[in-house]
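Now for the letters of each chain:
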Amino acid sequence: MKLSSALLAYLAASAASSLAQSINIGAPAEWTAVTQGRNLTVRVDKPLTMGNSVEVGIAIGLHPCGDNPCAANPDVANFIDPLLYVGPYDPQYREVGLQPYQNFTVTIPEYFPGLSQELSLNVAHFELVSAALQPFVEVKNITLRLVA
Ligand SMILES: *[C@@H]1O[C@H](CO)[C@@H](O)[C@H](O)[C@H]1NC(C)=O
Ligand SMILES: *[C@@H]1O[C@H](CO)[C@@H](O)[C@H](O)[C@H]1NC(C)=O
Ligand SMILES: *[C@@H]1O[C@H](CO)[C@@H](O)[C@H](O)[C@H]1NC(C)=O
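Quantities reported herein were computed from a predicted structural model and do not represent experimental measurements.

Visitor: Would you mind showing me how to read the environment of Leu98 here?
Guide: You can see Leu98 is positioned in the loop between strand E5 (83–87) and strand E6 (101–107). Exposure remark for Leu98: the 11 C-beta atoms within 10 Å place this residue in the exposed category. Sequence separation between Leu98 and Lys46 is 52 residues; the distance between their C-alpha atoms is 9.7 Å.

Visitor: It is not clear to me how the sheet that holds E6 should be interpreted in this structure. Could you clarify?
Guide: As summarised here, the arrangement of the three strands in space is E1-E3-E6, forming an open sheet in which the pairing is antiparallel. This sheet does not close on itself; its edge strands, each paired only once, are strand E1 (24–27) and E6. Geometrically, the sheet is characterised by an average inter-axis angle of 35° between neighbouring strands, direction not taken into account. With seven bridges joining them, strand E3 (residues 39–45) and E6 adopt antiparallel strand pairing. Among the inter-strand pairings, Asp45 is bridged to a residue of E6, identified as Tyr101.

Visitor: I'm lost on the nonpolar core in this one. Help?
Guide: For soluble globular proteins, nonpolar side chains are generally found buried alongside one another. Core analysis: the largest hydrophobic core is formed by 15 residues, its most contacted members being Val44, Ile58, Ile60, Leu119, Leu121, Val123 and Leu144. At the level of elements, E3, strand E4 (53–64), strand E7 (117–129) and strand E8 (134–146) are the ones that each hand at least two residues to this core. Ignoring any residue separated from it by four or fewer positions in sequence, one finds Val44 in contact with Ile23, Ile25, Gly26, Ile58, Tyr89, Pro91, Tyr101, Gln102, Phe104 and Val123.

Visitor: Explain the site of ligand 2 here, please?
Guide: In the vicinity of ligand 2, the contacting residues are Cys70, Ala71, Pro74, Val76, Ala77, Ser120, Asn141, Ile142 and Thr143. If you tally residues by element for the shell around ligand 2, the top one is E8, at three residues. Partitioning the shell around ligand 2 into residue classes produces six nonpolar, three polar and no charged.

Visitor: What should I look at first to understand the environment of Thr41 in this one?
Guide: Note on placement: Thr41 falls in strand E3. Given 11 C-beta atoms within 10 Å, Thr41 falls into the exposed group. Sequence spacing of Thr41 and Gln102 is 61 residues, and the spatial spacing of their C-alpha atoms is 9.9 Å. If near-sequence neighbours (up to four positions away) are discounted, Thr41 is found in contact with Ala27, Asn103 and Thr105.

Visitor: I keep staring at the pairing of E7 and nothing clicks. Help me out?
Guide: Regular strands place their side chains on alternate faces of the sheet. Sheet analysis places E4 next to E7, joined by 11 bridges and oriented antiparallel. Paired with His63 across the two strands is Ser120, which belongs to E7. Bridge count between E7 and E8: 13 bridges; the pairing is antiparallel. Looking at the pairing, Glu127 lines up with Phe136 of E8. In this antiparallel pair of consecutive strands, E7 and E8, the connection spans four residues, and Ser130 shows a positive phi of 75°.

Visitor: Sorry, what's going on with the sheet that holds E7 here?
Guide: Each strand in a sheet pairs with another by means of backbone hydrogen bonds, the pair being arranged parallel or else antiparallel. Spatially, the five strands line up as an open sheet ordered E2-E8-E7-E4-E5, and their pairing is mixed. For this open sheet the edge positions go to strand E2 (33–34) and E5, each flanked by a neighbour on one side alone.

Procedures and definitions
Residues numbered from 1 in each chain as written. Chains lettered and ligands numbered in written order. Predicted model: local features only at pLDDT ≥ 70, side-chain atom pairs only at ≥ 80, totals over all residues. Helix = DSSP H or I, 4+ residues; strand = E, 2+ residues; numbered from the N terminus. Buried ≥ 20, exposed ≤ 12 C-beta atoms within 10 Å, placed from the backbone. Pairing = 2+ DSSP bridges. Axes fitted to C-alpha atoms, helices over the stretch in contact; angles between N-to-C directions. Core = buried A, V, L, I, M, F, W, Y, C linked by C-beta atoms within 7 Å. Contact = placed C-beta atoms within 7 Å. Near = placed C-beta within 6 Å. Nonpolar A, V, L, I, M, F, W, Y, C, P; charged D, E, K, R; others polar.

Rendered as structure tokens:
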């Protein structure tokens, strides 16, 4: 089968749109101090794009890095335990100057051995993109500081 130039253009556009439809963790800021038992607002931003996308859902969780800096672990984003939220993601345009977003209030669990340590905040995102609704999965992460 010979690929038509229209199909090639379509494939290029859909590859670009899938890249462009990534989320960002808008809040908290990197290195925010968090405490066990306290609530934390996680703002998940979804930049506006031309491309088609259908949200499936997100999962928000932590990975405790223990005695090591989170940045020393190349797999830090691959663990979502404790799980703080799993379910629908519905970013909405709310404020001038901000991308569409949804806030999630999560509770830092009373789970850790009480040690001060770095935590990786990991947000996994699943959507269907392009006219063909191709599955697209990504994980975004920032580092937080757990303080006793
Ligand atoms: C923390 O979040 C939970 C769930 O949204 C809520 O029920 C609770 O009132 C919040 N607690 C505080 C101290 O804000
Ligand atoms: C995010 O996770 C990657 C590994 O997937 C890691 O290399 C990077 O340092 C992490 N970034 C932050 C800010 O924690
Ligand atoms: C969402 O959370 C951010 C960060 O805490 C806050 O600045 C913003 O006002 C919140 N938006 C809404 C609609 O609650």
